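The primary structure of each chain is shown beneath.
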Amino acid sequence: MTDLIARFRRRERDDVVAHCPVDDWDFAPRYTDGVCPICGWRPDDVDTTPPLVARIDWFWPAMGFLALVSIAMAIAVIVTYVRT
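Everything numeric in this text was worked out from a predicted model, so none of it was measured. Position labels on residues start from 1 in each chain and follow its written sequence. Since the coordinates come from a predicted model, pLDDT governs what is reported: local features require at least 70, and pairs of side-chain atoms require 80 or more to be given and counted, while whole-chain, interface and lining totals use all residues. Computation of side-chain values: all heavy atoms of the structure, hydrogens and water removed.

1. Thoughts on the overall build of the protein
Secondary structure counts use DSSP, requiring at least four H or I residues in a row for a helix and at least two E residues in a row for a strand, with both numbered from the N terminus. Scanning the protein from N- to C-terminus turns up three helices and two strands. Along the protein, helices and strands appear, N-terminal first, in the series α-β-β-α-α. Note on classification: 1.4 Å probe, protein chains only; a residue is buried when its accessible area is under 20% of the maximum for its type, exposed when over 50%, partly exposed between these limits. Taking all 84 residues of the protein together, the buried fraction comes to 12%. Contacts in the protein between residues far apart in sequence, at least 24 positions, make up 24% of those at least 6 positions apart. Working rule for contacts: check all heavy atoms of both residues, and any pair within 4.5 Å makes them a contact.

2. Side note on a nonpolar patch on the surface
A cluster of nonpolar side chains, contributed by Leu52, Val53, Ile56 and Trp58, occupies part of the molecular surface with about 370 Å² of accessible area. By secondary structure assignment, the location of valine 53 is in helix 2 (residues 52-55). Each patch is built from residues lacking any salt bridge and having more than 30% relative accessible area; the joining distance is 9 Å for like charges and 5 Å for nonpolar side chains (Val, Leu, Ile, Met, Phe, Trp, Tyr). In this description, accessible areas are obtained by the Shrake-Rupley approach with a 1.4 Å probe, and a residue is regarded as covered only by the protein chains that are shown. We define a salt bridge as a contact between a side-chain nitrogen of Lys or Arg and a carboxyl oxygen of Asp or Glu at a distance within 4 Å.

3. Let's talk about the confidence of the model for the protein
Each residue carries a pLDDT score, the predictor's confidence in it, ranging from 0 to 100. Within the protein, residue pLDDT values average 84, and 82% of them lie at 70 or more. Mean pLDDT across the elements of the protein ranges from a minimum in helix 1 (residues 2-9), with 63, to a maximum in helix 3 (residues 59-83), with 97.

4. So, unusual backbone geometry
In this structure, aspartate 24 takes a positive phi of about 55° despite not being glycine. By the secondary structure assignment, aspartate 24 is in the loop between strand 1 (18-20) and strand 2 (25-27). Unlike most non-glycine residues, aspartate 33 shows phi in positive territory, near 60°. Take aspartate 33: it is sitting in the loop between strand 2 and helix 2. For aspartate 33, a relative accessible area of 63% gives the class exposed.

5. Side note on the environment of valine 22
Turning to its location among the elements, valine 22 is positioned in the loop between strand 1 and strand 2. The spatial distance from the C-alpha of valine 22 to the C-alpha of glycine 40 is 9.6 Å, given a sequence separation of 18 residues.

6. Concerning the state of the cysteines
Two cysteine sulfurs form what is called a disulfide whenever their separation falls within 2.5 Å. All told, the structure shown has zero disulfides when counted by the stated rule. The thiol sulfur of cysteine 39 is not disulfide-bonded, and the nearest other cysteine sulfur, from cysteine 20, lies at 3.5 Å. Under the relative-accessibility criterion, cysteine 39 is labelled partly exposed at 37%.

In structure tokens form, the structure reads like this:
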């Protein structure tokens, strides 16, 4: 179960370092979109897809949550005003 959670969070990729044979440079493919920052060489065995939480655009879910909270607060104010 912990392996599944680690894979979902992509924690196992934290220490991946690739070595470019062209320019003898060590780099972290996670931060360079999977390519060598000097020459553009791409290692074959490195998965550089970001985790799901990093791929989601959080603007619209946040706006939906803000709208729901605003509606709930408006209902609470109206109910409180009517009862007094």
